[in-house]
Amino acid sequence: MSAADIRVLVVEDDPVAADAHALYVGRVPGFTVSGTVHSGADARRHLEAHGVDLLLLDLYLPDGHGLALVRTLRAAGHTADIIAVTSARDLAVVREGVSLGVVQYVLKPFTFATLRDRLTRYASFRATTGEASGQDEVDRALAALRSPQPAALPKGLTAATLRAVTDVLRTSGGGLTAAEAAADVGISRITARRYLEHLVVAGRAARAPQYGHVGRPELRYRWSGR
């Protein structure tokens, strides 16, 4: 840890998820994990004893909602920034979080690349100091925080084909096998399966075996709406 590292407290009730999030944070240059806690009360105790710059905060904790914790921290004078981690998609909660100083939202499930993008953009925003020379400079500072770029695709996958596979899967109703997706998009079955598996890993699709045929069951992919 260097003196310039951004200190992060991971607040997550699921110990397995907490460890994974801490591992992700530790892999991003310029960030260090101050601690990992599993409740709002533990988070408050940690903040009283340790310096923390940023909370990676799950919104559903065993002793209350994450935003209630943020209100308590603000009332106590704690100024650490917040990146909220949640599976909820209620935009009213998002608006409330913004009013309390939540600088980013990360929807579960997420990949390391997604969190790395949010953290590096937060670091760029945090590094802006001094007085802005004009509106353009203010806009650039905010854009670094609010306009994340899509995470890089795995080697061999292209954005255009991913959009095509995503579109046919989203509109398929009952889902698609890799062979059906391949026929719809005009690619090989193996290629279609790579894209479908990427959507599963990204949390945007789910797969299940399809029985009823002779031999090994085939996987059917369905759009998860995420």
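Just so it is clear, the structure is predicted and the values come from calculations on it, not from any experiment. (Residues numbered from 1 in each chain as written. Predicted model: local features only at pLDDT ≥ 70, side-chain atom pairs only at ≥ 80, totals over all residues. Heavy atoms only, no water.)

Novice: I'd love a proper account of the overall build of the protein, names of residues and values included.
Specialist: Across its full length, the protein holds nine helices and ten strands. Counting every position in the protein, which comprises 226 residues, the buried fraction comes to 39%. A separation of at least 24 residues holds for 59% of the contacts in the protein among residues at least 6 apart in sequence. As displayed, the protein offers around 12,200 Å² of accessible surface, 53% of which is attributable to carbon and sulfur atoms. (Helix = DSSP H or I, 4+ residues; strand = E, 2+ residues; numbered from the N terminus. Buried < 20%, exposed > 50% of the residue type's maximum accessible area, 1.4 Å probe, protein only. Contact = heavy atoms within 4.5 Å. Areas by Shrake-Rupley, 256 points an atom, 1.4 Å probe, with all protein chains shown as cover.)

Novice: An account of helix 9 (residues 189-201) is needed here, citing residue identities and associated values.
Specialist: The terminal C-alpha atoms of helix 9, which comprises 13 residues, lie 18 Å apart, in line with the 18 Å expected from a rise of 1.5 Å per residue. Those residues of helix 9 lying buried are Ala192, Tyr195, Leu196, His198, Leu199 and Val200. Where helix 9 is buried, its residues touch helix 7 (159-170), strand 8 (176-177), helix 8 (178-185), strand 9 (205-210) and strand 10 (218-223). Positive phi appears at Gly203, one or two residues downstream of helix 9, with a value of about 80 degrees. (Expected span 1.5 Å × (residues − 1).)

Novice: Lay out the nonpolar core in plain terms, naming residues and giving numbers.
Specialist: Counting residues in hydrophobic clusters, the biggest one holds 21 residues, and the most contacted among them are Leu9, Val11, Leu55, Leu57 and Leu59. The biggest single contributor to this core is helix 3 (residues 66-75), with four residues. Those residues in contact with Val11 that sit more than four places away from it in its chain are Val37, Ser39, Ala43, Leu55, Leu56, Leu57, Asp58 and Leu61. (Core = buried A, V, L, I, M, F, W, Y, C linked by side-chain atoms within 4.5 Å.)

Novice: Account for the pattern of salt bridges, naming residues and giving values.
Specialist: Counting across every chain of the model gives seven salt bridges. Its salt-bridge partner being Arg220, residue Glu180 comes within 3.3 Å of it at the nearest N-O pair. With Glu180 in helix 8 and Arg220 in strand 10, this residue pair connects regions lying 40 residues apart in the sequence. Under the relative-accessibility criterion, Arg220 is labelled buried at 14%. (Salt bridge = Lys/Arg side-chain N within 4 Å of Asp/Glu carboxyl O.)

Novice: Can you break down the sheet that holds strand 6 (residues 81-86) residue by residue, with the values?
Specialist: Here we have five strands laid out as an open sheet, ordered 2-1-3-6-7, and parallel in their pairing. Of all the strands in the sheet, just strand 2 (31-37) and strand 7 (102-107) have a single pairing partner and so form its edges. Going from strand to strand, the sheet's axes swing by 20 degrees on average, the running direction of each strand aside. Bridging between strand 6 and strand 7 involves five bridges; their strand directions are parallel. Each residue of the ladder has a partner; that of Ile83, found in strand 7, is Gln104. Along the sheet, helix 2 (residues 40-49) contacts strand 1 (6-11), strand 2 and strand 3 (54-58); its crossing angle with strand 2, the most-contacted strand, is approximately 130 degrees. Sitting on the sheet, helix 5 (residues 112-127) is in contact with strand 1, strand 2, strand 3, strand 6 and strand 7, with an inclination near 170 degrees to strand 7. (Pairing = 2+ DSSP bridges. Axes fitted to C-alpha atoms, helices over the stretch in contact; angles between N-to-C directions.)

Novice: Give me the lowdown on the packing of helix 1 (residues 15-26) against helix 5, citing residues and values where you can.
Specialist: Put simply, helix 1 and helix 5 touch, their axes get as near as 10 Å, and they point 55 degrees apart. The angle between helix 1 and helix 5 places the two elements in the oblique class. Where helix 1 crosses over helix 5, the two elements pack in a sense that is right-handed. Taken together, the residues of helix 5 that come into contact with helix 1 (itself represented by His21, Tyr24 and Val25) are Phe112, Leu115 and Leu119. (Parallel < 35°, antiparallel > 145°, perpendicular 65-115°, else oblique. Left-handed = near helix turned anticlockwise from the far one by under 90°.)

Novice: Can you lay out the pairing of strand 6 for me, pointing to particular residues and giving the numbers?
Specialist: Consecutive side chains of a regular strand alternate in pointing toward one face of the sheet and then the other. Within strand 6, five of the six residues are buried, which leaves the element mostly enclosed by the surrounding structure. Pairing geometry for strand 3 and strand 6, over five bridges, is parallel. The residue bridging Leu57 from the neighbouring strand is Ala84, located in strand 6.

Novice: Tell me about the environment of Ala202, and please be specific about residues and values.
Specialist: Tracing the backbone through its elements, the reader meets Ala202 in the loop between helix 9 and strand 9. A C-alpha to C-alpha distance of 6.7 Å links Ala202 and Thr111, two positions 91 residues apart in sequence.

Novice: Describe the sheet that holds strand 8, and please don't skip the residues or the numbers.
Specialist: Taken in spatial order, the three strands make up an open sheet running 8-10-9, and their pairing is antiparallel. Looking at strand neighbours, the two that pair on one side only are strand 8 and strand 9, the edges of this open sheet. Across two bridges, the pairing between strand 8 and strand 10 is antiparallel. Looking at the pairing, Thr177 lines up with Arg220 of strand 10. Set on the sheet, helix 7 makes contact with strand 8, strand 9 and strand 10; between it and strand 10 the angle comes to about 90 degrees. Lying on the sheet, helix 9 is in contact with strand 8, strand 9 and strand 10; it crosses strand 10 at an angle near 55 degrees.

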